Amino acid sequence: MFQAVVYKEDDPSKTHIRNLSIIRRDEASVTAIIEGLKGGYTYNISIYAVNGAGAGPKIQMRVTMDVKEPPHPIMKPVPIYDSSGSVVVTSTTITVKMPICYFSDVNGPIKKIQILVSESGAQHDGNITKWHEAYFQKPRPYFTNEGFPNPPCPDGTSRFFSKQEVYVIGADNTCLLQEFCNGPLKPRRQYIFKFRATNFKGQYTDSNFSIPIKTLADGLSERAVEIILSVTLCVLSIILLVAAIYAFA
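The structure presented is a predicted model; accordingly, all values stated were derived computationally and were not measured.

**Q** Please explain the side chain of Asn 44 as it appears in this structure.
**A** Looking at where Asn 44 falls in the secondary structure, it is placed in strand E5 (residues 42-51). Overall, the relative accessible area of 18% leaves Asn 44 in the buried class.

Below, the structure is given as structure tokens:
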């Protein structure tokens, strides 16, 4: 039998002893697999043979694991349901479950998770746009945020209780002209969403899209959103004008 003592170089306090899976053996060499390592980390490894007399001499090695895009998640994005079994939705928002336990970091550390939203039927458009362009021009997928850390996955996670474990799509009326905006959704429209996990190399993996979810009829109309956008533009123009006057003065 062969064993290995393994620990991450940046965390030597956590040492693991693993039994090696032998996949090939001949007179001159033995080929084995060390399981449970994660991409992007450097490991210090000591390998040795064990028999009835005890452990033999150790072979020391230092290995840095390659980084790949995160594995595709098994779970599908889903909305939050109320006690009656109805989706928690308004005319401009949809409340969804955060991607807790969706993406594994086994292929390397995950830098960020983003939410990609689209009107049903427009999700296959390869050009990801901004919220205001998707709202006022042509429906296309858009990101609601710059990204948040991959939520931790505690053992036995199966229900969602706190505000940190839900995300309200369409909840922000203050970012209408920014590159990333979680702006209001259109009333009486069907939307779908998915999650994207990206590592520090820029490699990413998308989840599947959710089922179509229809917003309600009443609420913030397209005209109201146009008014909000106009006011925002006016305020920005005033700020720029004051800044220009101050600079010339």
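**Q** Would you mind going over unusual backbone geometry with me for this structure?
**A** Backbone geometry places Cys 101, a non-glycine residue, at a positive phi of 65°. Positive phi is not limited to glycine here, since Arg 188 has a value of about 60°. Relative to the assigned elements, Arg 188 resides in the loop between strand E11 (166-169) and strand E12 (190-199). With relative accessibility at 53%, the residue Arg 188 sits in the exposed group.

**Q** Teacher, can you tell me more about the state of the cysteines here?
**A** One way to say it: the disulfide is the covalent bond shared by the sulfur atoms of two cysteines. Scanning all chains against the criterion turns up two disulfides. Linked covalently through their sulfurs, Cys 101 and Cys 153 form a disulfide whose S-S length is 2.0 Å. Every disulfide takes its handedness from the sign of the S-S torsion; for Cys 101 and Cys 153 that torsion is 105°, giving right-handed. Taken together, the positions of Cys 101 in the loop between strand E8 (94-97) and strand E9 (110-119) and Cys 153 in the loop between strand E10 (142-143) and E11 put the pair 52 residues apart, joining distant regions of the chain. The partly exposed category is assigned to Cys 153, whose relative accessible area is 48%. Put simply, Cys 175 and Cys 181 are joined by a disulfide, and their sulfur atoms are 2.2 Å apart. With the S-S dihedral at roughly 80°, the linkage between Cys 175 and Cys 181 falls on the right-handed side. By sequence order of its bonded cysteines, the chain has the disulfide arrangement 1-2, 3-4.

**Q** I would appreciate a short explanation of the pattern of salt bridges in the present structure.
**A** Working definition: two side chains of opposite charge can pair if their charged atoms are close together. This structure, assessed with the given rule, holds eight salt bridges. Arg 189 serves as the salt-bridge partner of Glu 119, at 3.2 Å between the closest nitrogen and oxygen. With Glu 119 in strand E9 and Arg 189 in the loop between E11 and E12, this residue pair connects regions lying 70 residues apart in the sequence. The salt bridge partner of Asp 206 is Arg 196, with a shortest N-O separation of 2.6 Å. Here Asp 206, found in strand E13 (residues 204-206), pairs with Arg 196, found in strand E12; they are 10 residues apart in sequence, far enough to count as distant. Within the structure, one salt-bridge network assembled from shared partners comprises Glu 119, Lys 186 and Arg 189.

**Q** What is the right way to look at the pairing of E9 in this model?
**A** Moving residue by residue along a regular strand, the side chains alternate between the two faces of the sheet. Counting buried positions over the 10 residues of E9 gives eight, a clear majority of the element. Two elements, E9 and E12, share nine bridges in a ladder whose sense is antiparallel. By the bridge assignment, Glu 119 is partnered in E12 with Tyr 191. The pairing of E9 with E10 spans two bridges and is antiparallel.

**Q** Help me out: how do you make sense of empty space enclosed by the protein in this one?
**A** It is the rolling of a water-molecule-sized probe over the atoms that shows where space remains empty. Tallied over the full model, the rule gives one cavity of 30 Å³ or more. Taken as a whole, the largest cavity holds about 60 Å³ of empty space. Residue lining of the largest cavity: Glu 119, Trp 131, Ala 134, Tyr 135, Pro 139, Arg 140, Tyr 142, Pro 184, Lys 186 and Tyr 191, and that is the complete set. Looking at the lining of the largest cavity, the element that brings in the most residues is helix H1 (residues 131-136), giving three residues. When the residues that make up the lining of the largest cavity are grouped by side-chain class, the tally is seven nonpolar, no polar and three charged.

How each quantity is defined
Residues numbered from 1 in each chain as written. Predicted model: local features only at pLDDT ≥ 70, side-chain atom pairs only at ≥ 80, totals over all residues. Heavy atoms only, no water. Helix = DSSP H or I, 4+ residues; strand = E, 2+ residues; numbered from the N terminus. Buried < 20%, exposed > 50% of the residue type's maximum accessible area, 1.4 Å probe, protein only. Disulfide = S-S within 2.5 Å. Salt bridge = Lys/Arg side-chain N within 4 Å of Asp/Glu carboxyl O. Pairing = 2+ DSSP bridges. 1 Å grid on protein atoms, 1.4 Å probe; cavity = no way out; pocket = protein on both sides within 12 Å on 5 of 7 lines; lining within 4 Å. Points joined across faces, edges and corners; volume = space filled by probe spheres on them. Nonpolar A, V, L, I, M, F, W, Y, C, P; charged D, E, K, R; others polar.

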